[in-house]
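Breakdown of the fold
Chain by chain, the residues run as shown.
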Amino acid sequence: MNEYDVVVVGGGAAGLSAALVLTRARRRVAVVDAGNPRNAPAAHMHGFLGSDGLPPSELLAAGRGEVTGYGGQVISGKVVGVTPCDASAAGAIRFEVTLENGVALEARRVLVTTGLRDEVPDIPGVAERWGRDLLHCPYCHGHEVSGQPIGVLGGGPEAVARAHLIAQWSGDIVFFANGTALTPEQREQLAARAVEVVDVPVVRLVVEDDLLTGVELADGRVVRRTAVFVRPEFVPNDTLLTGLRCATDESGWVVVDAAGRTSVPGVSAAGNAVNPRAQVITAAGEGSTAAIAINNDLVDEDVATAVAEVRQDLPV
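The residue count restarts for each chain, going from 1 along the sequence in the order it is written. A pLDDT threshold of at least 70 governs which residues receive local features in this predicted model, and a stricter bar of 80 or more applies before side-chain atom pairs are shown or counted, although totals over entire chains, interfaces and linings include all residues. Only heavy atoms go into the side-chain values, all of them from the structure, while hydrogens and water stay out.

We now examine the packing of aromatic side chains. Each Phe, Tyr or Trp ring (for Trp, its six-membered ring) is paired with any other whose centre lies within 6.5 Å, and the angle between the two planes then decides the class: stacked below 30 degrees, edge-to-face above 60, tilted in between. Overall, the coordinates contain one aromatic pair when judged by the stated rule. Ring centres of Tyr139 and Trp169 lie 5.7 Å apart, and the angle between their planes is 85 degrees; this geometry places the pair in the edge-to-face category. Taken together, the positions of Tyr139 in helix H4 (residues 138-141) and Trp169 in the loop between helix H5 (159-166) and strand S10 (173-176) put the pair 30 residues apart, joining distant regions of the chain. Its relative accessible area of 54% is what places Tyr139 among the exposed residues. Runs of H or I in DSSP of at least four residues are treated as helices and runs of E of at least two as strands, each being numbered from the N terminus. Partly exposed describes any residue whose relative accessible area lies between the buried limit of under 20% and the exposed limit of over 50%, with all areas from a 1.4 Å probe on protein chains only and scaled to the type maximum.

Let us now look at the sheet that holds strand S15 (residues 227-230). A pair of strands is treated as paired once DSSP finds two or more bridges between them. Taking strand neighbours across the sheet as the criterion, the five strands line up as S8-S15-S9-S10-S11 in an open arrangement whose pairing is parallel. A single partner strand is all that each edge strand has here, and the edge strands are strand S8 (134-135) and strand S11 (195-198). As judged from the four bridges shared by strand S9 (residues 150-153) and S15, these two strands associate in the parallel manner. Bridging across to S15, Val152 finds its partner in Phe229.

Before going further, it helps to spend a moment on the pattern of salt bridges. By salt bridge we mean one thing: a side-chain nitrogen of Lys or Arg within 4 Å of a carboxyl oxygen of Asp or Glu. Across all of its chains, the model carries 21 salt bridges by this definition. Residue Asp210 pairs with Arg132 through a salt bridge whose shortest N-O separation is 2.6 Å. Highlighted residues: Asp210 in the loop between strand S12 (202-208) and strand S13 (211-217) and Arg132 in the loop between helix H3 (126-129) and S8, separated in sequence by 78 residues. A network of salt bridges, in which partner residues are shared, links Asp5, Arg27, Arg28, Arg94, Glu106, Arg108, Arg109, Asp297, Glu301 and Asp302.

A few words now on the nonpolar core. Val7, Val79, Val82, Val97, Leu105, Val110 and Leu241 are the most contacted members of the largest nonpolar core, which totals 24 residues. For this core, the element with the most residues is strand S6 (residues 104-112), which contributes four residues. For Leu241, the contacting residues outside a window of four places in its chain are Val112, Cys246, Val254, Thr262, Val267, Ala269 and Val274. As used here, the term nonpolar core means buried Ala, Val, Leu, Ile, Met, Phe, Trp, Tyr and Cys residues forming a set that is joined through side-chain atoms within 4.5 Å. With 18 residues, the next largest nonpolar core counts Val8, Ala19, Leu111 and Ala283 among its residues. Contacts are assigned to residue pairs with any non-hydrogen atoms lying within 4.5 Å of each other.

In the contact formed by helix H1 (residues 13-24) and helix H8 (residues 280-313), the axes pass within 7 Å of each other and the chain directions differ by 35 degrees. Seen along the crossing, H1 lies across H8 with a hand that is right-handed. For the pair formed by H1 and H8, the contact residues are Ala13, Ala14, Ser17, Ala18, Val21 and Leu22 on the first element and Val280, Ala283, Ala284, Gly287, Ser288, Ala291, Ile292, Ile294 and Asn295 on the second. To define axes, lines are fitted to C-alpha atoms, for helices over the stretch in contact only, and angles between the resulting N-to-C directions are given on a 0 to 180 degree scale. Handedness of each helix crossing follows the sense of rotation of the near helix against the far helix: counterclockwise by less than a right angle gives left-handed, clockwise gives right-handed.

Our next topic: a nonpolar patch on the surface. Taken together, Val299, Val303 and Val307 make up a surface patch of nonpolar side chains, about 210 Å² in accessible area. With respect to the helices, strands and loops of the structure, Val307 is situated in helix H8. On the accessibility criterion, Val307 (35% relative accessible area) is partly exposed. Think of a patch as exposed residues, more than 30% relative accessible area, with no salt bridge, where like charges cluster within 9 Å and nonpolar side chains (Val, Leu, Ile, Met, Phe, Trp, Tyr) cluster within 5 Å. Computed by Shrake-Rupley with a 1.4 Å probe, the accessible areas treat only the displayed protein chains as cover when residues are assessed.

With that settled, consider the packing of H1 against helix H2 (residues 56-69). Packing of H1 against H2 brings their axes to within 9 Å, and their N-to-C directions diverge by 20 degrees. Relative to H2, H1 is oriented roughly parallel. In terms of crossing hand, the pair formed by H1 and H2 is left-handed. Taking contact as the criterion, the partners of Ala13, Leu16, Ala19, Leu20 and Thr23 in H1 are, on H2, Leu60, Gly63, Arg64, Glu66 and Val67. Throughout, the term roughly parallel applies to angles under 35 degrees, roughly antiparallel to angles over 145, roughly perpendicular to angles from 65 to 115, and oblique to all others.

Turning our attention to the sheet that holds S12. Read across the open sheet, the three strands follow the order S12-S13-S14; overall the sheet is antiparallel. Each edge of the sheet is formed by a strand with only one pairing partner; in this case those strands are S12 and strand S14 (222-224). This sheet shows a mean twist of 30 degrees between the axes of neighbouring strands, independent of strand direction. Here S12 runs beside S13; their pairing, made up of six bridges, is antiparallel. Each bridged residue has a counterpart across the sheet, and for Glu208 the counterpart in S13 is Leu211.

A separate point is H1. Multiplying 1.5 Å by the residue count of a helix minus one yields the expected span of that helix. Under the 1.5 Å per step criterion, the end-to-end length of H1 is 16 Å for twelve residues, consistent within 8% with the ideal 16 Å. All of the buried residues along H1 are Ala13, Ala14, Gly15, Leu16, Ser17, Ala18, Ala19, Leu22 and Thr23. Looking at the buried side of H1, the elements it contacts are strand S1 (3-9), strand S2 (29-33), H2, S6 and H8. Just beyond H1, the residue with positive phi is Arg26, at close to 65 degrees.

Just geometry here; none of it tells us what the structure is for.
Shown next as structure tokens:
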């Protein structure tokens, strides 16, 4: 049987958290996971209460075990399409969820938790060191590199603010402007906080013995650094949502309400697919919130269906 109350697309923190709530509510749930978590390069996860320092893979493995322990199904695969089906006589919502291998699942509700991808600067060494000593989130990794010689790679509109934030974790910060045009006021502010500014373009990250050791500049100099922070461009994995014509905001991100509902009835979303700033613990919370709203919605539908069936059986 491929019929479910809820199909969750994405088996990260948001998806598994939602599935756990729904399976405990005795709903038939399938989680379809493509196996490409955003934080896979990171050795440890931080800021998650009770699981600080835990490898991300262990959190997901534990979550899958909890979901299947309550009767949920975890399916390895990629969802390539979600299609609304004809509603029942009672107006019940239905979807067909199609996997890449051709398998089709029927669902009363769909929750999309497919995350986002980080597009990092095209500089040699950046992609290779991503999540290791080329970092993004200081709240996730700042403590682990505190007090070290740290670089902040510019080039984007939020780069200067990022440099000021990172300065909270170390007194040895170098801001590599890398094309960022600084105003006199910004230079004054960085100098006041003892943040050195380097205007020469960055050529590559220098790696020795599988460790970041410095940043090479276009003039041949190498500035010794043991960690570098950069703000990537966040690109949501929202093809399924936009394919369903879910409403988006002025920035192109799919809009959800406080309970994760999109503009399309029966379709919800949580985590980085709709919230670029969600950390692991945030995504898990959003998944739980969405799951409760979905279950309440299903209860309303169950009531309407039951009433319609009773009325149909009544003598005319």
